[in-house]
Amino acid sequence: MNRVHIKTYGCQMNERDSEAVAAMLRARGYRIVASEDDCDVLLLNTCSVRDAAEQKAIGKAGHLLARKRGDPDFVLGILGCMAQNRGAGLLDRLPDVDLIVGTQKFHRVPDYLDNLRAAREAGAPVGEAVVDIGEEAGSQNTIRDHMEGPDRRVCAFVSIQQGCNMDCSFCIVPTTRGDERSRPMDDIVRECEDLAARGAREITLLGQIVTSYGRRDYPHTGGVSPFVQLLGRVNAVAGIERIRFTSPHPRGFRQDLARAYSSMPKLGEHVHLPVQSGSNRILRAMRRPYTRERYLEIVASLRAAQPAMAFSTDIIVGFPGETDSDFEDTRALCEAVDYDMAYIFKYSVRSGTPAASMPGQVPEGVREERNQALLEVLRAGSLRRSQALVGTVQEVLVEGPDRTGLRFTGRTRANRAAVFEAAPRLVGHLVPVEIARASVSTLYGELVGADAGLQTAPGAASL
Ligand code: 5AD
């Protein structure tokens, strides 16, 4: 009973939490396996941000529970946001689930599995489900060291903070992730140094609202926020070539952060800057504390610091009360910013949030229409920006073989995926790639300079 498969839904934070659970389980002697069919324990790490994500995980869990009929020792656990959001209520729909563990209790999973295993081995009857969704002081400090073990990764994720204290009226995250808690800066920097020593070249700092990092724990010094201080310290870590972060809040983009983009070359030319809506009326109803004018000013200040700056964003269409004219404001803002990429979400009612009881809920047909209209605007803009790079040479961090295994893949400084021929020894290196062709989301090119003649496909004998 020691083969564990973890299936993750939702955001990078969830991916990161799953990696941390996997590392803790490996340290206890469990084997993390890739196959859902050949495992003894299956853990679903879930997402609650939209109803569809919850329904997907519940459907999956229901399906998996059928397996228990043939194999009563099979263990099914539900972890993360939906576990936190629904707690023991999940047992109404999924009575045979063994484990429900919330977002502040991931580090308890190995103990719970050990106990279950011991009970099963002793022949004890299957007891009640374990439900643990309490708050835990200091839980932000339990998430670390996920790189233990064999995998060396070029791009690593480092959690800097948990929870969120904003009160966006549409959002379930403050309920699922709790209050904002930051990890100590020294711990984060040490983790980045360790990751660099193990081969990581790019660090993505993760948090629900990274720009608020440490605001209650560290003073602003010389007009520099704790988050920008942290960026400065990670920027100084030898071996780390690139730093990214997600997700920031527009509110956090003051001069200190704009200046960091000119003074810290490792930041690259990309910002993910969630706007949610381009209508001031809707932004107010969403309780987002900025206007479209302020947002556009931030974009301009970042493009002034780095003219090649690429932006991505999150947008919700069909928020309660959104009229055609509000939607046109969003469309116009998208055109004005000229995004490289955007995640567009149809508004999803989350019970218990203020927006759930607002008048003017928008019918699904209209939400879908707006979703499609915006997708088309963004697709066209993204393709235009992508094609403008044809003929240029981009610095690419080589991450590994692409999906076909025949070529290599990596990202440009502006976070565009690139595919090209290279040699395995270039993984983890920054290489110049001349762009020959571009689709909406991917650049295709060739290595230039000293490495260009030395390419071999990953499967071929290396030189
Ligand atoms: N409905 C639709 N999208 C949502 N998001 C958050 N809550 C909701 C909701 N209730 C989106 C936001 C956020 C992203 C992670 O998910 O755009 O930035």
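None of the values given here were measured: they were computed from a predicted structure. For every chain, the first residue of the written sequence is number 1, and numbering continues from 1 along that sequence. For a predicted model such as this one, the threshold for reporting local features is a pLDDT of at least 70, and the threshold for listing and counting side-chain atom pairs is 80 or more; totals across whole chains, interfaces and linings nevertheless cover every residue. By convention in this description, side-chain values take in all heavy atoms of the structure and omit both hydrogens and water.

1. A few points about the overall build of the protein
We count a stretch as a helix when DSSP gives it H or I for four or more residues in a row; a strand needs E for two or more, and each element gets its number in order from the N terminus. A tally of regular secondary structure across the protein gives 13 helices and 19 strands. If you line up the protein on its principal axes, its C-alpha atoms span 65 × 65 × 45 Å. The cut-offs for exposure are 20% and 50% of the maximum accessible area for each residue type, with area from a 1.4 Å probe on protein chains only; residues under the lower value are buried, those over the upper are exposed, and the others partly exposed. Considering the protein as a whole, with its 463 residues, one finds that 52% of them fall into the buried category. Long-range pairs, those at least 24 residues apart, make up 74% of the contacts in the protein between residues at least 6 apart in sequence. Total accessible area on the protein is roughly 19,600 Å²; 50% of this is exposed by carbon and sulfur atoms. Two residue types count as positive, namely Lys and Arg, and two as negative, namely Asp and Glu; His and chain ends fall outside the count. Where a charge lies is defined by one atom per residue type, namely NZ (Lys), CZ (Arg), CG (Asp) and CD (Glu). Put simply, the protein has 58 plus and 59 minus side-chain charges, and the middle of one group is 1 Å from the middle of the other. By the convention used here, residues are in contact when the closest approach between their heavy atoms is within 4.5 Å. All accessible-area figures derive from a Shrake-Rupley calculation using a 1.4 Å probe, and residue coverage is judged against the displayed protein chains alone.

2. Here's the deal with the site of the ligand
Only a single heavy atom is needed: when it lies within 4 Å of a molecule or strand, its residue is near that molecule or strand. The environment of the ligand is formed by Val49, Arg50, Phe170, Gln276, Asp314, Ile316, Phe345, Lys346, Tyr347, Ser348 and Arg350. In this structure, a nitrogen atom belonging to the ligand sits 3.0 Å away from a main-chain N or O atom of phenylalanine 170. Against a free-state accessible area of 400 Å², the protein chains account for coverage of 86% of the ligand. Mapped by element, the contributors of at least two residues to the shell around the ligand are strand 13 (310-317) and strand 14 (341-346). Identification of polar contacts relies on pairs of N or O atoms within 3.5 Å, with a donor-acceptor requirement for protein atoms, meaning one able to donate a hydrogen and the other able to accept it, and with residues adjacent in sequence counted only if both atoms are side-chain atoms.

3. With respect to the side chain of glutamate 322
Along the chain, glutamate 322 falls in the loop between strand 13 and helix 12 (324-337). Of the polar contacts made by the side chain of glutamate 322, one reaches the backbone nitrogen of glycine 318; its length is 2.8 Å. The residues contacting glutamate 322, other than those within four sequence positions of it, are Ile282, Ile316, Val317, Phe327, Val362 and Arg370.

4. Side note on the pattern of salt bridges
One side-chain nitrogen of Lys or Arg within 4 Å of one carboxyl oxygen of Asp or Glu is enough to make a salt bridge. Tallied over the full model, the rule gives 37 salt bridges. Across the pair arginine 16 and glutamate 191 runs a salt bridge, and its minimum N-O distance is 3.8 Å. Taken as a pair, arginine 16 in helix 1 (residues 12-27) and glutamate 191 in helix 7 (residues 185-197) lie far apart in primary sequence, 175 residues in all. When sorted by exposure, arginine 16 lands in the same class as glutamate 191, which is buried. For arginine 120, the salt bridge identified is with aspartate 98, shortest N-O distance 3.1 Å. Of this pair, arginine 120 sits in helix 5 (residues 109-121) while aspartate 98 sits in the loop between helix 4 (90-93) and strand 5 (99-101), placing them 22 residues apart in sequence. Accessibility expressed as a relative area gives 13% for arginine 120, which makes it buried. Among the charged side chains, a network of salt bridges with common partners joins Asp338, Asp340, Arg384, Arg385 and Arg416.

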